[in-house]
Amino acid sequence: MSQAKVPAWVNIALIPFLNIMLAFIVSGLVILAIGENPLEAAGYLIYGAFGYDEGVGYTLYYATNLIFTGLAVSVAFKGGLFNIGGEGQAYIGGLGVGLVCLAFDQTMPFYIIAPLAIIGAAAFGAGWAYIPAYLQARRGSHIVITTIMFNFIASSLMVYLIVNWLKEDGRMAANSRTFEESAWMPYLHEMLSPLGIDIGTSPLNFAFILALIFCVLVWGLLWHTRWGYQLRTLGTSPSAAQYAGIDTAKVTIWAMMISGGLAGFVGINEIMGVNHSLLLNFTAGYGFAGIAVSLMGRNHPIGIIMAAVLFGALYQGGSELAFEIPTITPEIVVVIQGLVILFSGALEHMFKDRIEGFFIRRAVA
Amino acid sequence: MFETLILMLDATMRVSTPLIFAALAGLFSERAGIVDIGLEGKILGSAFAAAAAASIFGSAWIGLFFGIAASISLAMIHGFACITHRGDHIVSGVAINTIVAGLTVTLSMYWFGMGGQTPTLSGDERFLSITFPFADALADVPVIGLIYSELLSGHNLLVYLAFAMVPFTYWVIYKTRFGLRLRAVGENPHAVDTAGISVAFLRYRALIICGILCGIAGAYLSTAHNAGFLKDMSAGKGYMALAALIFGKWRPVPVLLACLLFGFLDAVAIRMQGVVIPGIGEVPVQAIEVLPYVLTVLLLAGFIGKAIGPKAVGRPYVKERA
């Protein structure tokens, strides 16, 4: 079967669309099973996510985290690596951000702290991904297992550091002191209000712009550099990459470090942008959600932005939905997320082969 | 000192039980060539189904049945994706874990409306501890009395079942025709196919066994170890079982020892809370908690021995058509 005969829109649009619709239909059945009207629920969900300025702000704020983790998963995926450790890398990346902010917020202005924090997030996230990457590339241990283990190690490490070292003296809550305002990412509603634009108050901050910039950078890196070509070759056929003289171990390690660095930027949005202090469990599953975003976005930055906004809308709309219909919990969003991973990831061949076959037969006839 | 040790070993047995079931479940699956990241989800799903059914029907046994049924269903979804549709095993496992994490809370809110919990179970709704004959009478006998009455007696049925499953698994894997074929299909599915045996059917059967064992692990958590279902109550036990499976190099007895080691570390971590060791100071609990994961990473990296899994694990089997 030659791929060439299948029209491009089938792979880019039709198959992802069918997979997502299937995920939504099954989610609808779940809602129906708990005695609620799926269409009514969808209505609340869409209104909550896009119906008013604050809702849109929240949607894009959630999307920011998901763009970062989605990009992280996809960079590794392009190289044939499954980075399931985005959660831990984001957590440690946040530690990098937190340490920079705590160290400099009383002495330095924002325009010095911000670049340092971005470097801190990238360095810590990349550093946390480096060890599994090294072990995979040089010692042959399986990246999936090691990154899972590193999620747990990261979680214990953060509890230890925050509770024993970074916690504010004399307070019960397990979080660091609140940063001075010089270490706060500006909110977009504050940035835009001098221009006379009112977008409503929401946690949406400059990290969103940063996420979009990194989408462009990742796109350039993957499709317009020699390294990106090497990475994609490795992902498509490791033996071909080897034969072409590509240092596969080096590409593997760099791919994982870039992946970990991208995941680390969740800390910029959460720690510097919203919470303004280092706290426990701020990653809240965004690392895992990145897998769904990446699969749905077909590992392409544009697809990832669209998928991240969709999932951001589900998060935000899900809270609205839970408020309007108390029998539905916000966790329904997690179910939808899982179904998307199932249908557009694990069951991707279910439709693909048949639909492609249909178009090939039509092209031949 | 001796009494403390016995009490810690006693705790080790309780904590290790779900790990043993889940790790053996993973053993059946991975030995047949199917990677199972979804152990966690199956445990959680079963824990919820078991607690819900036990609460509604008032019987721990009915709970166990529903727990196993839920777990097998999830294993079949995994099989449908990985075996029938040649999907990625890891992606499918992540999908199952994610779906279950959301669905258990959603359903328990709908049925019980208690913030994602099930009602507290009591009496026949739980597996209660079994006291061996003469346990109380012998308790005062030095050494043996304590071992008999504290360590061996006084656990629930599922704990003993977990330990009994280890020789049983050994027998199935190494001494039966099914076990031989199971191992073969994980190493070289083409050879099995050439011998006229269905690769898919064999792998589905392995996943059913995997589902049953995970189901018992989940039911143990919610109807024996605890008295009801709590949100996210599996708390990484599935992943730890996966680590134990690797640490035990995919063999039943070493896997049991790995589970006991991890369980013991857990018991140590709880006991070490706030204890100051002379010369070292207070050992952070987190340092002991991460040991299972650190040890597994070191083992996988070949720093302490070498862990080599089944050869064909994680690869979809495509029958060649001439």
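Our subject is the structure listed above.
How each quantity is defined
Residues numbered from 1 in each chain as written. Chains lettered and ligands numbered in written order. Predicted model: local features only at pLDDT ≥ 70, side-chain atom pairs only at ≥ 80, totals over all residues. Helix = DSSP H or I, 4+ residues; strand = E, 2+ residues; numbered from the N terminus. Rg over C-alpha atoms; globule rule 2.2 N^0.38 Å. Contact = placed C-beta atoms within 7 Å. Buried ≥ 20, exposed ≤ 12 C-beta atoms within 10 Å, placed from the backbone. Nonpolar A, V, L, I, M, F, W, Y, C, P; charged D, E, K, R; others polar. Axes fitted to C-alpha atoms, helices over the stretch in contact; angles between N-to-C directions. Parallel < 35°, antiparallel > 145°, perpendicular 65-115°, else oblique. Expected span 1.5 Å × (residues − 1). Left-handed = near helix turned anticlockwise from the far one by under 90°. Core = buried A, V, L, I, M, F, W, Y, C linked by C-beta atoms within 7 Å.

*Asks:* What exactly am I supposed to notice about the overall build of chain A here?
*Replies:* The secondary structure content of chain A amounts to 16 helices and 0 strands. Taken over the C-alpha trace, chain A has a radius of gyration of 21 Å; the compact-globule value for 365 residues is 21 Å, and the two agree within 12%. When the backbone C-alpha atoms are referred to their principal axes, chain A occupies close to 75 × 55 × 40 Å. In chain A, the share of contacts with a sequence separation of at least 24, taken over all contacts with a separation of at least 6, comes to 76%.

*Asks:* Looking at this model, I keep getting lost on the overall build of chain B. Mind explaining?
*Replies:* In terms of regular secondary structure, chain B is built from 14 helices and 4 strands. At 20 Å, chain B has a C-alpha radius of gyration in line with the 20 Å of a compact globule built from 322 residues. Reported as C-alpha extents along the three principal axes, the dimensions of chain B are approximately 75 × 50 × 40 Å. Counting across all 322 residues of chain B, residues that qualify as buried make up 50%. Looking at chain B alone, contacts between residues at least 24 apart form 75% of all its contacts between residues at least 6 apart.

*Asks:* Can you walk me through the environment of B:Ala162 in this structure?
*Replies:* All names here are of chain B. Relative to the elements of secondary structure, Ala162 occurs in helix H7 (residues 157–175). Among the residues examined, Ala162 registers 26 C-beta atoms within 10 Å and is labelled buried. Spatially, the C-alpha atom of Ala162 lies 8.8 Å from that of Ala217, the residues being 55 residues apart in sequence. Sequence-distant contacts of Ala162, that is, excluding residues within four places in its chain, are made with Thr17, Ile20 and Phe21.

*Asks:* Please clarify how the interface of chain B and chain A should be interpreted in this entry.
*Replies:* By a widespread convention, an interface's size corresponds to the accessible area lost as its parts come together. With 34 residues of chain B at the interface, the matching set in chain A holds 39 residues. When residues of the side of chain B that touches chain A are traced back to their parent elements, those giving at least two are helix H4 (89–111), helix H11 (237–247), helix H13 (285–289) and helix H14 (291–300) of chain B. At 14 residues, the largest contribution of residues to the side of chain B that touches chain A is made by H4(B). In terms of residue class, the side of chain B that touches chain A is built from 21 nonpolar, 10 polar and 3 charged.

*Asks:* What's the story with the packing of helix H8 (residues 207–223) of chain A against helix H14 (residues 301–324) of chain A in this structure? I'm lost.
*Replies:* Pairs of packed helices are described in terms of their axes, by the angle between the two and the distance that separates them. Residues and elements named next belong to chain A. As a packed pair, H8 and H14 sit with axes 9 Å apart at the nearest point and diverge in direction by 150 degrees. With respect to each other, H8 and H14 are oriented roughly antiparallel. For the pair formed by H8 and H14, the contact residues are Cys215, Val218 and Trp219 on the first element and Pro301, Ile304 and Ile305 on the second. Among the residues making up the contact of H8 with H14, the classes are represented as 6 nonpolar, no polar and no charged.

*Asks:* How should I be thinking about helix H4 (residues 86–104) of chain A in this particular structure?
*Replies:* One turn of the α-helix equals 3.6 residues, which is why residues spaced by three or four share an orientation. The end-to-end C-alpha distance of H4(A) is 27 Å, a good match for the 27 Å that 19 residues give at a rise of 1.5 Å each. Burial analysis of H4(A) places 15 of its 19 residues in the buried class, which makes it a mostly covered element.

*Asks:* What's the story with the packing of helix H3 (residues 53–78) of chain A against helix H13 (residues 286–296) of chain A in this structure? I'm lost.
*Replies:* All names here are of chain A. Their axes nearest at 7 Å, the elements H3 and H13 cross at an angle of 65 degrees. The orientation of H3 with respect to H13, classified from their angle, is roughly perpendicular. Crossing of H3 over H13 shows right-handed handedness. Residues Asn65, Leu66, Thr69, Gly70, Ala72, Val73, Ser74 and Phe77 of H3 pack against Tyr286, Gly287, Ala289, Gly290, Ile291, Val293 and Ser294 of H13. Looking at the contact of H3 with H13, its residues break down into 8 nonpolar, 7 polar and no charged.

*Asks:* Mind showing me how you'd approach the nonpolar core here?
*Replies:* Ranked by internal contacts, the top residues of the largest apolar core, which has 218 residues, are B:Phe21, B:Ala23 and B:Ala244. Sorting elements by how many residues they give to this core places helix H10 (residues 199–225) of chain B first, with 15 residues.

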